[in-house]
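# Secondary and tertiary structure notes
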Amino acid sequence: MTPAEPEKPAGGKAALRGAVRVVALIDPLWGGHHGGYAVTLAQGLTDQGIRVHIIGPAPFVEEVCRAVQQATGHVLPLFPGSGPDSGPAYYRLTRVARDRVNLRFLRAALRMAGGLGADTAHLLWLDSFLTPLVAVLVGRKNRAVAVRGTLHWAYFLREFEARRFSQPVHRALLRALGILGVRVITHSRMLNRRIQGGRLDMVPYPTPTSQTSVQERQAAGQAVRQRLGIPTQAMVLLAFGGSRHDKGVDLALEALALLPPHVHLLVVGSMPAPEAVALRERTGQLGVTDRLHLHLEFVPDEDVEGYFTASDVCLLPYRRNFSGQSGPLGIAASLGLPVLAADVGVLAEMVGEYRLGALFAPEDPAALARCVQEFGVSGSAPDTARFQQDHSPQAFVDAVLRSYRGEAEG
């Protein structure tokens, strides 16, 4: 990582002519999928001879630069004094205080991108930064750097809307960004059609193809089953990837109690201790202790596939306010594992388009249980090859570059 060294800006005009030479990838957050997403994009851009600068908090910059050594890192904390454990403090701020923090960060990040000679600055997490980004760009005098932003979620749409979000206001913000020259990247055509505001480009969410053989994956899956004591003849439903309320692990547990004894539930991903205790207590109350298998810890990338190949179905019992992408869905689709998902948002879009499995009514354990019983795993034929082609890292990078160049994707 090096300090920012001022260079002559390449200029937004160069980007409009289709020449993308220097890109600044900016993310104010870290953890989860933030690093992997940036690594995929940074590697793809550098492979095409584009110079990449990474701007953000130290943990994010270090993760990306460790994986993509051609990239240059520039540490910019989300707020002064923030460190790896500052997330809770940030989210305890009032909405107004958070917007002030976000505003300062964006101003500094775009100023840094210009000083580094970037022709394109890409905000990789636009979701909670819509209002600050509009405010920054309205007052910006130097428009040499073309700005792009990725919108991962759409809580503000009517079907997902929570009380604190306003659909008309967010659409107005997206239209304002379009007027200010910002193209917004999304990962869903369905969301683009429903948002109907601003300049929106559809880009497939990257899902790397497995580099292990079928035999290696099967062996890893068998090892997981043995370690967790899962019976050979059990039908395993996998709920993978953390314990956020909107992911509905509690709903899956309620459904398990309605299913026959040969159906087991495997829950994988980090979970705070109080939630883990509550989960185990509810398991005992429902009388399904012997059919619930837990690995409530972070899973390294190299071990992820074993949990999927240990399972018969990837279960996505998400609540109806879930409005973004699902990492487990992508992994399952790339491995050919059937998906049973709540009939909401992008989940329904992906399951339908690629014949990944079946849908059930959200927040309805009985509907989930019926879906499991009626679904024929042996007859399932996910369109894995087409999914892998459409969502490969190369397809992702190519689509991002089209957005950088101002070529609409729809």
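Structure shown above.
Residues numbered from 1 in each chain as written. Predicted model: local features only at pLDDT ≥ 70, side-chain atom pairs only at ≥ 80, totals over all residues. Heavy atoms only, no water.

The next subject is the overall build of the protein chain. Per the secondary structure count, the protein chain includes 17 helices and 13 strands. In summary, the protein chain has a C-alpha radius of gyration of 22 Å against a globular reference of 22 Å for 410 residues, a match within 12%. With the C-alpha coordinates aligned to their principal axes, the bounding extent of the protein chain is approximately 65 × 45 × 40 Å. Out of the 410 residues belonging to the protein chain, those deemed buried represent 56%. Contacts in the protein chain between residues far apart in sequence, at least 24 positions, make up 74% of those at least 6 positions apart. Carbon together with sulfur atoms contributes 53% to the accessible area of the protein chain, which is approximately 18,100 Å² in total. (Helix = DSSP H or I, 4+ residues; strand = E, 2+ residues; numbered from the N terminus. Rg over C-alpha atoms; globule rule 2.2 N^0.38 Å. Buried < 20%, exposed > 50% of the residue type's maximum accessible area, 1.4 Å probe, protein only. Contact = heavy atoms within 4.5 Å. Areas by Shrake-Rupley, 256 points an atom, 1.4 Å probe, with all protein chains shown as cover.)

What follows covers the environment of A108. Along the chain, A108 turns up in helix α5 (residues 95-115). We classify A108 as buried; its relative accessible area is 19%. A C-alpha to C-alpha distance of 24 Å links A108 and R66, two positions 42 residues apart in sequence.

Enumeration over the complete set of coordinates arrives at nine salt bridges. Here D201 and R183 are joined by a salt bridge, their closest N and O atoms 2.8 Å apart. Pair noted here: D201 is in strand β7 (residues 199-202) and R183 is in strand β6 (residues 183-186), with a separation of 18 residues, a long-range link. For the pair D201 and R183, one class covers both residues: buried. Two residues, E353 and R386, come together in a salt bridge whose shortest N-O distance is 4.0 Å. Taken as a pair, E353 in helix α14 (residues 345-353) and R386 in helix α16 (residues 384-390) lie far apart in primary sequence, 33 residues in all. The partly exposed category is assigned to E353, whose relative accessible area is 34%. Relative accessible area serves as the criterion here: at 29%, R386 is assigned to the partly exposed category. (Salt bridge = Lys/Arg side-chain N within 4 Å of Asp/Glu carboxyl O.)

The next thing to look at is the packing of helix α6 (residues 130-138) against helix α7 (residues 167-179). Interhelical geometry of α6 versus α7 gives an angle of 35° and a closest axis separation of 10 Å. Crossing of α6 over α7 shows left-handed handedness. Here L130, T131, L133, V134 and L137 of α6 lie close against α7, whose contacting residues are H170, L173, L174, A176 and L177. Among the residues making up the contact of α6 with α7, the classes are represented as eight nonpolar, two polar and no charged. (Axes fitted to C-alpha atoms, helices over the stretch in contact; angles between N-to-C directions. Left-handed = near helix turned anticlockwise from the far one by under 90°. Nonpolar A, V, L, I, M, F, W, Y, C, P; charged D, E, K, R; others polar.)

The end-to-end C-alpha distance of helix α2 (residues 34-47), which contains 14 residues, comes to 20 Å, matching closely the 20 Å that a straight helix rising 1.5 Å per residue would cover. With respect to burial, α2 is a largely interior element, 11 of its 14 residues being buried. Within α2, the full set of buried residues consists of H34, G35, Y37, A38, V39, T40, L41, A42, G44, L45 and T46. Buried residues in α2 make contact with β1 (22-26), β2 (51-56), α3 (58-67), β4 (120-123), β5 (146-150) and α17 (393-404). Positive phi shows up at G49, right after α2, with a value of about 80°. (Expected span 1.5 Å × (residues − 1).)

For the rest of this paragraph, the subject is the sheet that holds strand β11 (residues 313-316). Hydrogen bonds along the backbone pair up the strands of a sheet, which may run parallel or antiparallel. Taking strand neighbours across the sheet as the criterion, the six strands line up as β10-β9-β8-β11-β12-β13 in an open arrangement whose pairing is parallel. The sheet is open, and its two edges are formed by β10 (292-295) and β13 (357-360), each paired on a single side. This sheet shows a mean twist of 20° between the axes of neighbouring strands, independent of strand direction. Inspection of the sheet shows strand β12 (residues 339-342) paired to β13 by four bridges, in the parallel sense. Looking across to β13, one finds that L340 is bridged to A358. (Pairing = 2+ DSSP bridges.)

Using the criterion set out here, one finds six aromatic pairs in the structure. The interplanar angle of 45° and the centroid separation of 5.6 Å between the aromatic rings of Y37 and Y205 together place this pair among those described as tilted. Of this pair, Y37 sits in helix α2 while Y205 sits in the loop between β7 and α9 (214-228), and the two are 168 residues apart along the sequence. Here Y205 falls in the buried class, since its relative accessible area comes to 18%. Note on Y318 and F322: the rings are 4.4 Å apart at their centroids and 55° apart in plane angle, and the pair reads as tilted. Y318 gets classed as buried once you look at its relative accessible area, which sits at 2%. We classify F322 as buried; its relative accessible area is 2%. (Phe/Tyr/Trp six-rings, centres within 6.5 Å; stacked < 30°, edge-to-face > 60°.)

We now examine the pairing of β4. Of the two faces of β4, the one holding T120 and H122 and the one holding A121 and L123 are both buried throughout. Two strands pair when backbone bridges link them, and β1 and β4 are joined in this way by four bridges, in the parallel orientation. By the bridge assignment for β4, V23 is matched with T120. In terms of strand pairing, β4 meets β5 through four bridges, oriented parallel. Across the sheet, the residue bridging to A121 is V147, located in β5.

Under the criterion given, the structure shown has zero disulfides. Cysteine C314 remains unbridged, with the sulfur of C371 as its closest cysteine sulfur at 12 Å. Judged by its relative accessible area of 0%, C314 falls in the buried class. (Disulfide = S-S within 2.5 Å.)

Before going further, it helps to examine the packing of α9 against helix α12 (residues 301-309). Between α9 and α12, whose axes approach to 7 Å, the crossing angle comes to 75°. By the angle between their directions, the pair α9 and α12 is classed as roughly perpendicular. Facing α9, whose interface residues are R217, A220, G221, V224, R227 and L228, α12 presents E305, G306, Y307 and T309. Among the residues forming the contact of α9 with α12, the class breakdown is four nonpolar, three polar and three charged. (Parallel < 35°, antiparallel > 145°, perpendicular 65-115°, else oblique.)

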